[in-house]
Amino acid sequence: DAMVIQNPRYQVTQFGKPVTLSCSQTLNHNVMYWYQQKSSQAPKLLFHYYDKDFNNEADTPDNFQSRRPNTSFCFLDIRSPGLGDAAMYLCATSRGAVDTEAFFGQGTRLTVV
Amino acid sequence: AQTVTQSQPEMSVQEAETVTLSCTYDTSENNYYLFWYKQPPSRQMILVIRQEAYKQQNATENRFSVNFQKAAKSFSLKISDSQLGDTAMYFCASANYGGATNKLIFGTGTLLAVQP
């Protein structure tokens, strides 16, 4: 049974049109992460939530925002997608200590047209 | 800044044979974790094996083992008795020890194909 679920699996959006990607978890983990994975590149952390505390990576563009309304759900908002934002977006969770496993969703493939 | 380098974009191995995937990393931290994650086609990434840097003994999980060379900052993955289900993208990753979160720094991955 899937424990970290990302919706949709594939998303096509227009250049400049706001888009939201969704992630939910059934693990009750404290921490939720969003990674961006461009073709042939390493997945790159955008930001994470520890409970309600939001932590942005220093080089994450302002165009990317996130919301976590409750423990189970986390959203990635891209305010004005550009062609360079086309990527696989991975959501992950962990229990809140670095020696525990990170659990990933299947990812959302974003295409910008 | 931490970096992780995987120099083998693609590898191939015959079923039942052994294959080794390479990974090097750079960090100024003394305590950290290293991981190998597997991403099968169209499926989610899963943890294969992890190594605590303060442990000298190499981690082993069934057919998967690592060769951790701390001084050389090398962390290779050996897959024994390769199976068709091992076909996947393999990512090497590192994370600092002691934080409350598991912020992973990934390499670019090695695409492994197991041939029948």
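Residues numbered from 1 in each chain as written. Chains lettered and ligands numbered in written order. Predicted model: local features only at pLDDT ≥ 70, side-chain atom pairs only at ≥ 80, totals over all residues. Heavy atoms only, no water.

Q: I tried to follow the overall build of chain A on my own but got confused; where do I start?
A: Within chain A, the regular secondary structure consists of zero helices and eleven strands. Counting from the amino terminus, helix and strand elements in chain A follow one another as β-β-β-β-β-β-β-β-β-β-β. Taken over C-alpha atoms, the radius of gyration comes to 13 Å for chain A, in line with the 13 Å a tight globule of 113 residues would show. When its C-alpha atoms are laid out on the principal axes, chain A stretches across 40 × 30 × 30 Å. For chain A, buried positions account for 49% of its 113 residues. (Helix = DSSP H or I, 4+ residues; strand = E, 2+ residues; numbered from the N terminus. Rg over C-alpha atoms; globule rule 2.2 N^0.38 Å. Buried < 20%, exposed > 50% of the residue type's maximum accessible area, 1.4 Å probe, protein only.)

Q: What should I look at first to understand unusual backbone geometry in this one?
A: In terms of backbone geometry, most residues other than glycine have negative phi values and most peptide bonds are trans. Residues and elements named next belong to chain A. Geometrically, the link from asparagine 7 to proline 8 is a cis peptide bond, its omega value of -15° lying close to zero. Within the element layout of this structure, proline 8 appears in the loop between strand 1 (4-7) and strand 2 (10-13). Positioned with a positive phi, asparagine 28 is a non-glycine residue whose angle comes to about 60°.

Q: What should I look at first to understand the nonpolar core in this one?
A: Inside soluble globular proteins, nonpolar side chains tend to come together where they are buried. If you look at the biggest cluster of nonpolar residues, it comprises 24 residues, and the most contacted ones within it are Trp36, Phe75, Leu77 and Tyr90 of chain B. Counting 19 residues, the second largest nonpolar core, distinct from the first, contains Ala102 of chain A together with Tyr37, Ala95 and Leu104 of chain B. (Core = buried A, V, L, I, M, F, W, Y, C linked by side-chain atoms within 4.5 Å.)

Q: Please clarify how the state of the cysteines should be interpreted in this entry.
A: Defined simply, a disulfide is a covalent bond joining two cysteines at their sulfur atoms. All chains considered together, the criterion is met by two disulfides over all chains. Bridging cysteine 23 of chain A to cysteine 91 of chain A, the disulfide has an S-S length of 1.9 Å. Handedness here is read from the sign of the S-S torsion; for cysteine 23 of chain A and cysteine 91 of chain A, about -75°, the answer is left-handed. Residue cysteine 23 of chain A is located in strand 3 (residues 19-25), and its partner cysteine 91 of chain A is located in strand 9 (residues 87-94); the two are separated by 68 residues in the primary sequence. As far as burial versus exposure is concerned, cysteine 23 of chain A and cysteine 91 of chain A are alike and both buried. Each sulfur in the disulfide pair cysteine 23 of chain B and cysteine 92 of chain B lies 2.0 Å from the other. Every disulfide takes its handedness from the sign of the S-S torsion; for cysteine 23 of chain B and cysteine 92 of chain B that torsion is -70°, giving left-handed. In this pair, cysteine 23 of chain B sits in the loop between strand 3 (19-21) and strand 4 (24-26) while cysteine 92 of chain B sits in strand 10 (residues 88-96), placing the two residues 69 residues apart along the sequence. Here cysteine 74 of chain A is not disulfide-linked; the sulfur of cysteine 91 of chain A is the nearest cysteine sulfur, at 6.0 Å. (Disulfide = S-S within 2.5 Å.)

Q: Explain the sheet that holds strand 8 (residues 73-78) of chain A here, please?
A: Within a sheet, each strand pairs with its neighbour through backbone hydrogen bonds, oriented either parallel or antiparallel. Residue and element names in this part refer to chain A. Strands sit in the order 1-3-8-7 across an open sheet of four strands; the sheet is antiparallel. Here the strands that pair on one side only, and so sit at the sheet edges, are strand 1 and strand 7 (64-67). Strand-to-strand twist in this sheet, taken as the mean axis angle between neighbours without regard to direction, amounts to 20°. When strand 3 meets strand 8, the two strands line up antiparallel, connected through six bridges. Looking at the pairing, cysteine 23 lines up with cysteine 74 of strand 8. (Pairing = 2+ DSSP bridges. Axes fitted to C-alpha atoms, helices over the stretch in contact; angles between N-to-C directions.)

Q: For this particular structure, what's the right way to read the packing of aromatic side chains?
A: The relative placement of two aromatic rings is captured by the distance of their centres and the angle of their planes. All names here are of chain A. For the structure on display, the rule yields 16 aromatic pairs over all chains. Measuring from centroid to centroid gives 5.3 Å for phenylalanine 47 and phenylalanine 54, while their planes differ by 50°, and the two rings are tilted. Overall, the relative accessible area of 1% leaves phenylalanine 47 in the buried class. With a relative accessible area of 37%, phenylalanine 54 lands in the partly exposed category. (Phe/Tyr/Trp six-rings, centres within 6.5 Å; stacked < 30°, edge-to-face > 60°.)

Q: Help me understand the interface of chain B and chain A in this model?
A: Frequently, the measure chosen for interface size is the accessible area that the parts lose on association. With 24 residues of chain B at the contact, the number on the chain A side is 25 residues. The tally of links from chain B across to chain A stands at one salt bridge. With a closest N to O distance of 3.1 Å, lysine 103 of chain B and glutamate 57 of chain A form a salt bridge. Linking chain B with chain A are four residue pairs in polar contact (both at pLDDT 80 or more). Broken down by secondary-structure element, the contributors of at least two residues to the side of chain B that touches chain A are strand 5 (32-39), strand 6 (46-52) and strand 10 of chain B. By residue number, the principal contributor to the side of chain B that touches chain A is strand 5 of chain B, which donates four residues. In terms of residue class, the side of chain B that touches chain A is built from eleven nonpolar, ten polar and three charged. (Contact = heavy atoms within 4.5 Å. Salt bridge = Lys/Arg side-chain N within 4 Å of Asp/Glu carboxyl O. Polar contact = N/O pair within 3.5 Å; in protein donor to acceptor, adjacent residues only side chain to side chain. Nonpolar A, V, L, I, M, F, W, Y, C, P; charged D, E, K, R; others polar.)

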